[in-house]
Amino acid sequence: MQLTIHLVTLLGTQSVKLMNETTQKNNNRSLSYLFVHIILIIFTFVLPEVIFSFSGYRRVPIVTYTHVLFYIITFYISYFVLIEQFLFKKKVLQFITYALLLAIAMVILLYFAHSSIKEYIYPNLDFKRPYFPDTISKIGTILGFLSRDFAMLILAIGLSIAIKMGIRWSKIEKLNEAINLEKKEIELQNLKYQLNPHFLFNTLNNIYALVELSPQKAQESIHQLSKMLRYTLYENNVTEVLLEKELKFTENYINLMKLRLNENNTLKVKIYSGPTNNLKVAPLLFMSMIENAFKHGVNSTQPSNISIDISLNGSTVNCHTENSYFPKKENDKSGSGIGLTNLKRQLSLLYENRHTFSAHVENDTYVADLSINLKN
């Protein structure tokens, strides 16, 4: 009951923390998008109009502001309405039709806005462009005006597509990363759920074999097992533990496993005991190799040898095991091989491109080597 309450409390705390982090990330992302839009409006719409206003009738500020306003309105109608309702719903032809109609409507409204400015706001102001020859007709001037602004309006729609598609692509990429990370976490949890019963199953098999041969050793094994189960219960719920703790657990596990050995079996163990500089490693990572060495390297009637060497070189931890090779029979379910299979998968998920693992049989000796760089 207490364990359940502890797990629920822990889950609630982590959920609140995750929600706060998510809210902060969303706020930062919104500010980034706002900054992009402001930069886009200034450099694409405002700045060209300001530069263009140094000549001709656009010296009047309201004319410049009118152009910028129409470009921005067109941009955001396309951004929030047309792209969402048509382009993202794969109605491309309808999107193109409505985009052209929007540009045409805006360029006509912009022309009438200019006429209103000329006739009603500044009736006495000379709007004649000095660089236009007198021979150019009024119709040609109007067409030039319309075509120039129509091109700018189409550019505004194109920019809205580019920005919207870029943001959508970014969101999809982040979503895919989150999904892949969640799948990886779920797979790691499933591997741990498989590993814990596997560890318990093999350890109980060892104790069962000791009950009849040596009740005192069996009693000692149960006591040792209880301490190790406490470690697996609390430490296996995290992604990484201190290497120092994991090495101590590994040593205790070896002490538990060697209780089943007799005078025919030789065990050599060398485990690093120096400073670990707060390096961390995934919990129960070495156990599969050691359990495999005892499972296949011990024979009750024939001489056998097991050698275990765990060392640390800088930030790289190495685990080397050698054992006499006595393959399990097909009807022996204790040799299911789930341990090393899980180990390989864990390594690929947690230490991709940062580990090497090899296992082979050489002269009736099973040799396994694992090397992990614990610094990312």
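One can find the structure itself at the top, above this paragraph.
Report follows, based on the coordinates. Computed from a predicted model, the values in this text were never measured in an experiment. (Residues numbered from 1 in each chain as written. Predicted model: local features only at pLDDT ≥ 70, side-chain atom pairs only at ≥ 80, totals over all residues. Heavy atoms only, no water.)

## Looking at the pairing of strand β7 (residues 365-373)
Thinking step 1. By the bridge criterion, 9 bridges tie strand β5 (residues 316-324) to β7 in an arrangement that is antiparallel. Across the sheet, residue T321 finds its bridge partner in β7, namely A368.
Thinking step 2. Judged from the 8 bridges that link them, strand β6 (residues 355-362) and β7 form a sheet pairing that is antiparallel. What sits directly across from S358, in β7, is D369.
Thinking step 3. Adjacent in sequence and paired antiparallel, β6 and β7 are bridged by 2 residues, among which N363 carries a positive phi angle near 55 degrees. (Pairing = 2+ DSSP bridges. Helix = DSSP H or I, 4+ residues; strand = E, 2+ residues; numbered from the N terminus.)

## Here's the deal with the nonpolar core
Nonpolar side chains in soluble globular proteins tend to end up buried together.
Thinking step 1. Grouped together as the largest cluster of nonpolar side chains are 44 residues, with contacts concentrated most on L243, F286 and F294.
Thinking step 2. Elements with a contribution of two residues or more to this core: α4 (138-213), α5 (215-235), α6 (243-257), α7 (287-297), β4 (304-313), β5, α8 (338-350) and β7.
Thinking step 3. A per-element tally of this core places α6 first, with 7 residues.
Thinking step 4. Look past the residues within four positions of L243 in its chain and what remains in contact with it is T276, L279, K280, V281, F286, L312, V317 and L374.
Thinking step 5. L40, I41, Y79 and L153 belong to the second-largest nonpolar core, a separate cluster that totals 26 residues. (Core = buried A, V, L, I, M, F, W, Y, C linked by side-chain atoms within 4.5 Å. Buried < 20%, exposed > 50% of the residue type's maximum accessible area, 1.4 Å probe, protein only. Contact = heavy atoms within 4.5 Å.)

## Overview of the environment of Y111
Thinking step 1. With respect to the secondary-structure elements, Y111 resides in helix α3 (residues 92-121).
Thinking step 2. Look at Y111 and you get partly exposed, because its relative accessible area is 24%.

## Description of the sheet that holds strand β2 (residues 265-271)
Thinking step 1. The strand order across the open sheet formed by 5 strands is β2-β4-β5-β7-β6, and the pairing between neighbours is mixed. Each end of this open sheet is capped by a strand with a single partner; those strands are β2 and β6. Along the sheet, successive strands turn relative to each other by an average axial angle of 5 degrees, direction set aside.
Thinking step 2. With 8 bridges joining them, β4 and β5 adopt antiparallel strand pairing. (Axes fitted to C-alpha atoms, helices over the stretch in contact; angles between N-to-C directions.)

## Concerning the side chain of S78
Thinking step 1. Structurally, S78 can be placed in helix α2 (residues 61-87).
Thinking step 2. Beyond its immediate sequence surroundings of up to four residues, S78 is in contact with I83, F95, L102, I157 and S160.

## Thoughts on the side chain of T66
Thinking step 1. With respect to the helices and strands, T66 occurs in helix α2.
Thinking step 2. Leaving out residues up to four positions away in the same chain, T66 has contacts with L110, A113 and I117.

## What to know about the packing of α6 against α7
Thinking step 1. Following both chains from N to C, one finds α6 and α7 inclined at 15 degrees, their axes separated by 11 Å at the closest point. Of the possible angle classes, the one that applies to α6 and α7 is roughly parallel. Where α6 crosses over α7, the two elements pack in a sense that is right-handed. Contacts between α6 and α7 involve F249, T250, Y253, I254 and M257 on the former and, on the latter, M287, I290, E291 and F294.
Thinking step 2. Of the residues assigned to the contact of α6 with α7, the class counts are 7 nonpolar, 1 polar and 1 charged. (Parallel < 35°, antiparallel > 145°, perpendicular 65-115°, else oblique. Left-handed = near helix turned anticlockwise from the far one by under 90°. Nonpolar A, V, L, I, M, F, W, Y, C, P; charged D, E, K, R; others polar.)

## Some thoughts on the pattern of salt bridges
Pairing of side chains with opposite charge becomes possible as their charged atoms draw close.
Thinking step 1. Counted by the stated rule, this structure contains 2 salt bridges.
Thinking step 2. For K164, the salt bridge goes to E84, with nearest N and O atoms at 2.8 Å. Of this pair, K164 sits in helix α4 while E84 sits in helix α2, and the two are 80 residues apart along the sequence.
Thinking step 3. Overall, E84 belongs to the partly exposed group, its relative accessible area being 31%.
Thinking step 4. Between K295 and E291 there is a salt bridge, and its shortest N-O distance comes to 3.6 Å. With K295 and E291 both in helix α7 and 4 residues apart, the pair spans about one turn of that helix. (Salt bridge = Lys/Arg side-chain N within 4 Å of Asp/Glu carboxyl O.)

## Looking at α6
Thinking step 1. An ideal rise of 1.5 Å per residue puts 21 Å on 15 residues; α6 measures up with 21 Å between its terminal C-alpha atoms.
Thinking step 2. By the burial criterion, the buried members of α6 are L243, E246, L247, F249, T250, Y253, I254, L256 and M257. (Expected span 1.5 Å × (residues − 1).)

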